[in-house]
Amino acid sequence: LVLKPTDSAGTDGVKLCHNYEEAKDHFDALFEVEAVNGGYNTEVLCQEFLRGKEYVVDTVSRDGEHKTMAVWVYDKRPANGAAFVYFGMLPVDSGSTE
């Protein structure tokens, strides 16, 4: 289970929790700390953790016609005690089968 504050930015406060106790502790802690944007968390989003690559698809639409402009894959790695930290995005070649 991934917990993330809805009132923050980036990976601030995002945590991969492996059991109920860890999730409950992190849930409670998110309401006690100041977020990187200077505010305080008022909501927490709980998401299923899916293993694999995470993609970004840039599109543009006009008059009902949609075009894909670019596809990117996130470069995420464990760092500073977090399960995943965004290091950047890498472009996916248009000829790739990925």
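Provided above is the structure to which this section pertains.
Residues numbered from 1 in each chain as written. Predicted model: local features only at pLDDT ≥ 70, side-chain atom pairs only at ≥ 80, totals over all residues. Heavy atoms only, no water.

**What to know about the overall build of the protein chain**
Quick note on the threshold: A run of H or I in DSSP counts as a helix once it spans at least four residues, and a run of E counts as a strand once it spans at least two, with each numbered from the N terminus. Classification of residues uses two cut-offs on accessible area relative to the type maximum, computed with a 1.4 Å probe and protein chains only: under 20% is buried, over 50% is exposed, and between them is partly exposed. Whether two residues are in contact is decided by their heavy atoms, any of which lying within 4.5 Å being enough. Note on areas: Shrake-Rupley, 1.4 Å probe, and residue coverage restricted to the protein chains presented here. Only four residue types enter the tally: Lys and Arg on the positive side, Asp and Glu on the negative side, with His and both chain ends excluded. Note on charges: their place is set at NZ of Lys, CZ of Arg, CG of Asp or CD of Glu.
A count of helices and strands for the protein chain gives 1 helix and 6 strands. Secondary structure elements in the protein chain, listed N-terminal to C-terminal, are β-β-α-β-β-β-β. When the 98 residues of the protein chain are sorted by exposure, 20% land in the buried category. The contacts in the protein chain between residues at least 6 apart in sequence include a share of 33% that link residues at least 24 apart. As presented, the protein chain carries roughly 7300 Å² of accessible surface, and 51% of it is formed by carbon and sulfur atoms. The distance from the centre of the 9 positive side-chain charges to the centre of the 17 negative ones in the protein chain is 6 Å.

**Re the sheet that holds strand β3 (residues 44-47)**
Our working definition: Two strands are said to pair when DSSP picks up at least two bridges between them. All axes are obtained by fitting lines to C-alpha atoms, using only the stretch in contact for helices, and the reported angles, taken between N-to-C directions, cover 0 to 180 degrees.
If you walk across this open sheet you meet the 3 strands as β2-β1-β3, and the pairing is antiparallel. Of all strands in the sheet, those bounded by a partner on one side alone are β2 (15-16) and β3. Alignment of strand β1 (residues 2-5) against β2, held across 2 bridges, turns out to be antiparallel. In the strand pairing of β2, Leu3 is matched with Lys15. In this fold helix α1 (residues 20-30) packs onto β1, β2 and β3, with an angle of close to 5 degrees to the strand it touches most, β1.

All we've got here are geometric facts, nothing functional implied.
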